[in-house]
Amino acid sequence: MRKTIRIDPITRISGFLETKVEVEKNTIVNAETSGLLFRGFEKMLKSRQPLDAIYFTERICGICSAAHALASTAALENALKVEVSINDLYVRDLMHGFELMQNHLRHFYNLTIPSYVKMPDIKPLYSEQYSDYRLPEEINKKISEHYITSIQHSRLAHEGLAVLGGKAPHAHGIFVGGVTVNMDAYKLSKVRAIIYILKQFINDYMIEDVYTISKYYSDYFEKGKAYGNFMSYGLFDKYPDPEITYVKPSVLINGKKSSLDGNKITENILHTWYVNNKETEKPTEDTEDSINLSKEGAYSFIKSPHYDGYSMEVGPLARLILAGEYTRGISCMDRNIARVLETKKIIGIMENLSNRIQLVSTNQKIYDIPDQAFGVGLVDTTRGALGHWVKIENKLIKYYNIITPTVWNMSPKDGAGKSGVGEKSLIGTKINNIKEPVEVGRIIRSFDPCISCATHLVSDEHEPIDIQVLI
Amino acid sequence: MTKEITSKSLLQEAIGLIKNRQVKKLNAIWLEVTGCSGNIISFLNSENPGLDYILTELVNLTYNNTLMTSEGEFAFKEFLDTLNTEFILLVDGAVSTKENGFYNIIANYEGRPITALEAIKMAGEKAKYVVAVGTCASYGGVSAAKPNPSGSKSVDKVINREVIKLPGCPCHPDWVVGTLAHLVSFGKPELDNEGRPLLFYGVTIHDTCTRRGYFDKGIFAKKFGEEGCMFKLGCRGPVTKTDCPRRQWNGYVNWPIGANTNCIGCAQPRFPDGMEPFVRY
């Protein structure tokens, strides 16, 4: 007998995601992930001042706003033909690094751990929903204490970002031309001290904690495998120096690695509530969609992106595999481990970056906006590949397209009916206890989905719309 | 006495009263709706008191999407159960009203999708206090930016009762924690005519700006990174009321003007449309 399980909300993620799975003989045979928040950023950005896109697009996401600043700035620098000095690139990468630290620490301790470690009797951490907690009491106690300790460290990571960028979330310091901070010895020593403290915590606690969890939940090395096709737009990839280099823009498809070609990115809207005369869109073009909540076969506000026709997985596991630094597997637990190993990798790069930064003033200039221009900003960030595409006309934004990492990982079925990456990772997974389908949330969270980011698109020309299909 | 000390001493007082059982620890629901969830992230950045202290000593946070361990119907039941108690409703994000709110579904309960609009109406009616955390909840903010594709509105536009507004994009953690502390031990703080606590929103940024001396002497910056007042670059400090210059952010280390950039008026009622361009040369 086939049983349908619907989990909504999937808590401990950013934004609103519903996951529906069909289970037969204790195995998931079908899965649908639905993004249930629509904001319409691309519509809002039309006709705004191009330079305003940096701070405006930060507001897409409260947990990864500096990443949007970085992608937007990169797209504008591409459009305005602005070069950035090597020192400013270092400082900018350091700011991005602090944001990655904040994200990974929060994701691992605050969002992932409560699925595997019984939390102390504090609301809203304590829960009696599931009984599958396997750690011996002493170890459980130790890691739940690390949850509490980690709060100071993720906070401190944001402090590092604020030293260089003013405040966080929604920092101001990443801007066209590089950064806005005038570096001095005090600021540099402050961020180095923060890096030192974070590095200790990562090495002394975080690494051990993820391996402990993986030991007691080793069946999760078999659960949650997706297609095994991976993509990165490149992270810490602008330097010849290997000590501050991580991963180049690249893809791995059917086991074959090649460099990235940004022109191969498309988005399909067949199973989304968006309507357009074209079913497949290119981010380089103006794609003005409308919304129809009663569209047949539609179940998400997230589009279905492809690279060269393939659904691609993005994020820490993708990056480590593409960098040749991880080979163990592609499961739920591999994703959790990769995120933690990457945290260690990046704090090391941040330390090396901080040693190279010179005490020089900002290179800010007065920027003229061209009448006509087009720019692309492809960056890899916490959750994976993030792209901003901007078209400028009459010195204003003509159109602006954004494809976030979670769009890649949490997309619905594509035009050919093939499952999205997250859906694919659920299908085939065995549910140990059908009354407590704890597997679904654990697997989905291993992608660190951010729905605030993923469902930000488009306009709504045609209304009113019949919503009965949803009720 | 600086405002920071005031905020901290308030909290100490609140915790003292709770410990002495003079005041009952209140339940709280923190609802993330149409926004970026940046206010809950900012809240996690609270320092002395940190998150653990707030959760164990100040409020029983019964429902929050980012933090809670439970998921699905089990989680939403916590929300429903809290409605029958004395609680504070904190809203993070604007309220999407298009299609009867169907652009933002926050849960599915017994086969029925629950929109953010419905949840806020449900909880807003019963809450002892309603607090709008951040600019989206307070005024619509970026979620309601032109042409407002999701029909986003501020919380006070969808429920018919007083809403305490804590604008800021994001809201500074001290502004939330200080307000919570006040509510728990002293009741409603003194508000201005827009519903903002005077304690944090009493004066404009320009009034206490670290670069005010440059303005008074007529020294103006022509681009980011220069010494001087950034008024001529489009700084919105003169029309934005917060205590950012004195309080500072993230462990009190810096703030946007300290990073050589404009205040963009993120706590202002007309943010973002009325505050753009964010920079002009």
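Calculation criteria
- Residues numbered from 1 in each chain as written.
- Chains lettered and ligands numbered in written order.
- Predicted model: local features only at pLDDT ≥ 70, side-chain atom pairs only at ≥ 80, totals over all residues.
- Helix = DSSP H or I, 4+ residues; strand = E, 2+ residues; numbered from the N terminus.
- Rg over C-alpha atoms; globule rule 2.2 N^0.38 Å.
- Buried ≥ 20, exposed ≤ 12 C-beta atoms within 10 Å, placed from the backbone.
- Contact = placed C-beta atoms within 7 Å.
- Nonpolar A, V, L, I, M, F, W, Y, C, P; charged D, E, K, R; others polar.
- Pairing = 2+ DSSP bridges.
- Expected span 1.5 Å × (residues − 1).
- Bend = angle between axes of the 7 residues up to and from the residue.
- Axes fitted to C-alpha atoms, helices over the stretch in contact; angles between N-to-C directions.
- Parallel < 35°, antiparallel > 145°, perpendicular 65-115°, else oblique.
- Left-handed = near helix turned anticlockwise from the far one by under 90°.
- Domains from an automatic or database assignment.
- Core = buried A, V, L, I, M, F, W, Y, C linked by C-beta atoms within 7 Å.
- pLDDT = per-residue confidence, 0-100.

## Regarding the overall build of chain B
- Each helix and strand in chain B was counted, giving ten helices and nine strands.
- Radius of gyration (C-alpha) of chain B: 19 Å, near the 19 Å computed for a compact globule of 281 residues.
- Residue burial in chain B is summarised as follows: out of 281 residues, 61% are buried.
- For chain B, restricting intrachain contacts to residue pairs at least 6 apart in sequence, the fraction spanning at least 24 positions comes to 74%.

## What to know about the overall build of chain A
- When you go through chain A residue by residue, the secondary structure sums to twelve helices and 16 strands.
- Here chain A has a C-alpha radius of gyration of 22 Å; the compact-globule value for 471 residues is 23 Å, and the two agree.
- Here the C-alpha coordinates of chain A stretch approximately 65 × 55 × 45 Å along the principal axes.
- For chain A, the residues scored as buried account for 60% of the 471 residues in total.

## Things to note about the interface of chain B and chain A
- If you look at the interface, chain B gives 73 residues, while chain A gives 74 residues.
- Elements that contribute at least two residues to the side of chain B that touches chain A include exactly α2 (38–44), α3 (51–58), β2 (59–64), α4 (72–82) and β5 (105–109) of chain B.
- Of the residues in the side of chain B that touches chain A, the class split is 35 nonpolar, 28 polar and ten charged.

## Topic: the pairing of strand β13 (residues 304–307) of chain A
Residues and elements named next belong to chain A.
- A two-sided burial pattern is seen for β13, the buried positions comprising Ser304 and His306 on one face and Pro305 and Tyr307 on the other.
- Judged from the four bridges that link them, strand β9 (residues 265–268) and β13 form a sheet pairing that is antiparallel. Considered in β13, the bridge of glutamate 267 is made with proline 305.

## Overview of helix α6 (residues 185–216) of chain A
Residues and elements named next belong to chain A.
- Over its 32 residues, α6 runs 46 Å from end to end, which matches the ideal 46 Å to within 8%, given 1.5 Å per residue.
- At isoleucine 202, α6 shows its maximal bend, which comes to roughly 40 degrees.
- If you check which residues of α6 are buried, you get Val191, Ile194, Ile195, Leu198, Phe201, Ile202, Met206, Asp209, Val210 and Ile213.
- Considering only its buried residues, α6 is in contact with α4 (86–112), α5 (137–165) and α8 (332–356).

## A few points about helix α11 (residues 438–445) of chain A
Residue and element names in this part refer to chain A.
- Taking burial as the measure, the eight residues of α11 include seven buried ones, the bulk of the element.
- For α11, the set of buried residues is Glu439, Val440, Gly441, Arg442, Ile443, Ile444 and Arg445.
- If you follow the buried residues of α11, they end up packed against β1 (2–7), β2 (17–24), α4, α8 and α10 (421–426).

## Considering the pairing of strand β3 (residues 87–92) of chain B
Residues and elements named next belong to chain B.
- Extensive coverage of β3 is indicated by the burial of six of its six residues.
- In terms of strand pairing, strand β1 (residues 26–32) meets β3 through six bridges, oriented parallel. Residue glutamate 32 lies in a different strand from β3, and its bridge partner there is aspartate 92.
- Inspection of the sheet shows β3 paired to strand β7 (residues 129–133) by five bridges, in the parallel sense.

## Regarding the sheet that holds β9 of chain A
Residue and element names in this part refer to chain A.
- The antiparallel open sheet is built from three strands, whose spatial order is β11-β9-β13. Of all the strands in the sheet, the pair left with one neighbour each is β11 (280–281) and β13.
- As paired elements, β9 and β11 share two bridges and run antiparallel to each other. Paired with asparagine 268 across the strands is threonine 280, a residue of β11.

## Quick notes on unusual backbone geometry
- A cis amide bond links lysine 146 of chain B with the next residue in sequence, proline 147 of chain B, at an omega value of 0 degrees.
- Structurally, proline 147 of chain B can be placed in the loop between α6 (135–139) and β8 (152–153).
- With an omega of 0 degrees, the peptide bond running from glutamate 276 of chain B to proline 277 of chain B counts as cis.
- Considering the arrangement of structural elements, one finds proline 277 of chain B in the segment after α10 (244–247).
- Positive phi, close to 65 degrees, is recorded for histidine 170 of chain A, a residue that is not glycine.
- Residue placement: histidine 170 of chain A occurs in the loop between α5 and β4 (174–175).
- The phi dihedral of asparagine 48 of chain B falls on the positive side, at around 45 degrees, and the residue is not glycine.
- With respect to the helices and strands, the residue asparagine 48 of chain B is situated in the loop between α2 and α3.

## Re the packing of helix α3 (residues 65–80) of chain A against α4 of chain A
Residue and element names in this part refer to chain A.
- Packing of α3 against α4 leaves a shortest axis separation of 9 Å and a crossing angle of 150 degrees. By the criterion of interaxial angle, the relationship of α3 to α4 is roughly antiparallel. α4 is crossed by α3, and the crossing has left-handed handedness. Residues Ala66, Ala67 and Leu70 of α3 touch α4, and the partners they reach there are Arg92, Met95, His96 and Glu99.
- For the contact of α3 with α4, a count of residues per class yields four nonpolar, one polar and two charged.

## Remarks on the sheet that holds strand β3 (residues 27–35) of chain A
All names here are of chain A.
- Spatially, β1-β2-β3 is the arrangement adopted by the three strands of the open sheet, whose pairing is antiparallel. Edge positions in the open sheet fall to β1 and β3, since each of these has one partner strand only. Taking the axes of each pair of neighbouring strands and ignoring which way they run, one obtains an average angle of 15 degrees across the sheet.
- Looking at chain direction, β2 and β3 are connected through eight bridges and run antiparallel. Paired with leucine 17 across the bridge in β3 is glycine 35.

## Re the domain arrangement of chain B
All names here are of chain B.
- On domain assignment, one finds that chain B holds domain 1 (3–199) and domain 2 (206–275).
- A separation of 27 Å is found between the C-alpha centroids of domain 1 and domain 2.
- Of all the secondary-structure elements, those providing two or more residues to the side of domain 1 that touches domain 2 are α1 (3–19) and α6.
- By residue class, the composition of the side of domain 1 that touches domain 2 is five nonpolar, five polar and five charged.

## So, the environment of aspartate 93 of chain A
Residue and element names in this part refer to chain A.
- Looking at the secondary structure, you find aspartate 93 in helix α4.
- Note on aspartate 93: 24 C-beta atoms within 10 Å, which makes it buried.
- Remark: the alpha-carbon pair of aspartate 93 and lysine 142, spanning 49 residues in sequence, is separated by 33 Å.
- Not counting residues within four places of it along the chain, the set of residues in contact with aspartate 93 comprises Phe236 and Leu353.

## A closer look at the nonpolar core
Residues and elements named next belong to chain B.
- Ranked by size, the top nonpolar core spans 233 residues in total, and within it Ile29, Leu31, Leu89, Leu90, Val91, Ile120 and Val131 carry the most contacts.
- Two domains each provide a minimum of three residues to this core, namely domain 1 (3–199) and domain 2 (206–275).
- Isoleucine 120 has contacts with Leu31, Val33, Val91, Val95, Val155, Val158 and Ile159, leaving out every residue within four places of it along the chain.

## With respect to the confidence of the model for chain B
- Taken residue by residue, chain B gives an average pLDDT of 94. The fraction at 70 or more is 96%.
- Across the interface, the model reports ipTM at 0.94; the global pTM reads 0.95.

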